Amino acid sequence: MNLDYLKQFSLEGKIALVTGASYGIGFAIAKGMAKAGATIVFNDINQELVNKGLEAYKAEGIDAKGYVCDVTNEEQVNAMVKQIEAEVGIIDILVNNAGIIKRIPMTEMTAAEFRQVIDVDLNGPFIVSKAVIPSMIKKGHGKIINICSMMSELGRETVSAYAAAKGGLKMLTKNICSEYGAYNIQCNGLGPGYIATPQTAPLREDGHPFNSFIISKTPAGRWGEPEDLVGPAVFLASDASNFVNGHILYVDGGILAYIGKQP
Ligand code: NAP
Ligand code: GCO
């Protein structure tokens, strides 16, 4: 075992696939992993977004490889993983980051809308994990990080599908740990609090009551930034977390610990 604690956090020589990482949380995590030494591969649903991502990585001095692939499409995912293995190598680290949200009151939500959220946020991580695990087993190790949410633990109005998906993702995490831990695969969840990205932009508009609500509900007294997730993500991807498995690491400025201020 490497007891040099700083070296334990290094991702030197590792290949990391971060899904949906052209911008937002995925981009920040991939950027951090690259700085820790990993080779970055990412995907997004169309060439325009992939090109946008490639430019953003290049501007940071990162030589990333981007693929067009929808995480809900098993054929596309299997083809992408095969291509990455041939062009870059076996994936050591998978971050299931791609995700969507639909904020619609449950009784107004169609079953098709509900299914679409479950498809991207829960079936996607299942499909991509399933595609990378066999090679991780052959290689003798692997790290899977599922991007969970406050909604893995809590509910709120309008996010029934998202909460169902992220709650499911928490349990998929524990099950991958249970099923493949014996193969030296660690599967953990990273649960961001409320983070300033395009996904939460509608909630942060000037004067939106949700903005001040979140600030008052967060002991840290602010929204998170994607960069707040980098250290915890690198930890979960590195040898420093080799005996951490099936855990959900919440990075939320303290929201889940706090009952909130009396009105
Ligand atoms: P974002 O800014 O909307 O980015 C999500 C990324 O996923 C986008 O690049 C998106 O591409 C991509 N994507 C969506 N559907 C996809 C698919 N089927 N296949 C491949 N890529 C797809 O969101 P974010 O805030 O960075 O969130 C990233 C992850 O963190 C999500 O899983 C989200 O649920 C989770 N999260 C976010 C927060 C937060 O406060 N922001 C908190 C907790 C958890 P398009 O642009 O084409 O949609
Ligand atoms: C919402 C938000 C959340 C966050 C995040 C919290 O509408 O409540 O979008 O669900 O994005 O996942 O951790």
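To start, this report covers the structure provided alongside it.

About the thresholds
Residues numbered from 1 in each chain as written. Chains lettered and ligands numbered in written order. Predicted model: local features only at pLDDT ≥ 70, side-chain atom pairs only at ≥ 80, totals over all residues. Heavy atoms only, no water. Helix = DSSP H or I, 4+ residues; strand = E, 2+ residues; numbered from the N terminus. Buried < 20%, exposed > 50% of the residue type's maximum accessible area, 1.4 Å probe, protein only. Contact = heavy atoms within 4.5 Å. Near = heavy atom within 4 Å. Polar contact = N/O pair within 3.5 Å; in protein donor to acceptor, adjacent residues only side chain to side chain. Areas by Shrake-Rupley, 256 points an atom, 1.4 Å probe, with all protein chains shown as cover. Nonpolar A, V, L, I, M, F, W, Y, C, P; charged D, E, K, R; others polar. Expected span 1.5 Å × (residues − 1).

### Overview of the side chain of Asn188
Turning to step 1, where the next piece is worked out: Looking at where Asn188 falls in the secondary structure, it is placed in strand E6 (residues 185–192).
Turning to step 2, where the next piece is worked out: Asn188 sits in the buried class, given a relative accessible area of 1%.
Turning to step 3, where the next piece is worked out: If sequence neighbours within four positions are ignored, Asn188 has contacts with Ile144, Ile145, Asn146, Thr173, Leu236, Val244, Asn245, Gly246 and His247.

### Quick notes on the site of ligand 2
Turning to step 1, where the next piece is worked out: Taken together, 14 residues lie around ligand 2, and Arg103, Ser149, Arg156, Tyr162 and Gln199 are the ones closest in.
Turning to step 2, where the next piece is worked out: At 2.8 Å, a backbone N or O of Met150 approaches an oxygen atom of ligand 2.
Turning to step 3, where the next piece is worked out: Take Gln199: an N or O atom from its side chain is 2.5 Å from an oxygen atom of ligand 2.
Turning to step 4, where the next piece is worked out: Its free accessible area being 340 Å², ligand 2 has 97% of it covered by the protein chains.
Turning to step 5, where the next piece is worked out: For the shell around ligand 2, the residue count by class is 8 nonpolar, 4 polar and 2 charged.

### Examining helix H2 (residues 24–35)
Turning to step 1, where the next piece is worked out: Over its 12 residues, H2 runs 17 Å from end to end, which matches the ideal 16 Å to within 8%, given 1.5 Å per residue.
Turning to step 2, where the next piece is worked out: The buried fraction of H2 amounts to 10 of the 12 residues, a majority that puts the element mostly inside the structure.
Turning to step 3, where the next piece is worked out: Within H2, the full set of buried residues consists of Ile25, Gly26, Phe27, Ala28, Ile29, Ala30, Lys31, Gly32, Met33 and Ala34.
Turning to step 4, where the next piece is worked out: Immediately downstream of H2, the backbone of Gly37 shows phi near 115°, a positive value.

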